[in-house]
Amino acid sequence: MINKGTLVLGALIGAAAGVLLAPDKGSVTREKLKREGRDIKDQITNDFTEVKEDLSKAASSGKDKFKQDLEDFASKSSYKTEQAITFLEKQLAILKEKNKTLQKQV
């Protein structure tokens, strides 16, 4: 795909070459340059709008994906946390039993 900046640069070079090689009267050449200038301006505006829309879509898509990934991570973390708590509770119960055997009967 051709870079849009290259197209604009090519149009400007073409306009400059047209002025230098133009066989028309100055007023006709100036009118052509005005038209070409407007066309280039319109193309740049359209390209800018297109790029802006693409960036906006990409940012929105990335934001939604990040949000979903964060929710998935939170859910997985919650399950892992629950497993860790269960493990710790079992270990605590084992320690309590061992501690009972070490305590003297009063």
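For the structure itself, consult the block above.
Report follows, based on the coordinates. No experiment lies behind these values; they were computed from the predicted model shown.

Our focus in this paragraph is the environment of threonine 49. If you trace the backbone, threonine 49 turns up in helix α2 (residues 26-102). Within the structure, the side chain of threonine 49 is placed 2.9 Å from the backbone oxygen of threonine 45, a separation counted as a polar contact.

Taken together, the side chains of Phe66, Leu70 and Phe73 define a hydrophobic patch exposed on the protein surface, amounting to about 370 Å² of accessible area. Note on placement: phenylalanine 73 falls in helix α2.

Inspection of the entire model under this criterion finds three salt bridges. The shortest N-O distance in the salt bridge between arginine 38 and glutamate 31 comes to 3.9 Å. You can call arginine 38 partly exposed: its relative accessible area is 44%. Judged by relative accessible area, glutamate 31 falls into the partly exposed class, the value being 36%. As a salt-bridge pair, lysine 100 and glutamate 97 come within 3.7 Å of each other at their nearest N and O atoms. Taken as a pair, lysine 100 and glutamate 97 lie in helix α2 at a separation of three residues, close to a single helical turn.

What counts, and at which threshold
Residues numbered from 1 in each chain as written. Predicted model: local features only at pLDDT ≥ 70, side-chain atom pairs only at ≥ 80, totals over all residues. Heavy atoms only, no water. Helix = DSSP H or I, 4+ residues; strand = E, 2+ residues; numbered from the N terminus. Polar contact = N/O pair within 3.5 Å; in protein donor to acceptor, adjacent residues only side chain to side chain. Patch = residues over 30% accessible without salt bridge, like charges linked within 9 Å, V, L, I, M, F, W, Y side chains within 5 Å. Areas by Shrake-Rupley, 256 points an atom, 1.4 Å probe, with all protein chains shown as cover. Salt bridge = Lys/Arg side-chain N within 4 Å of Asp/Glu carboxyl O. Buried < 20%, exposed > 50% of the residue type's maximum accessible area, 1.4 Å probe, protein only.

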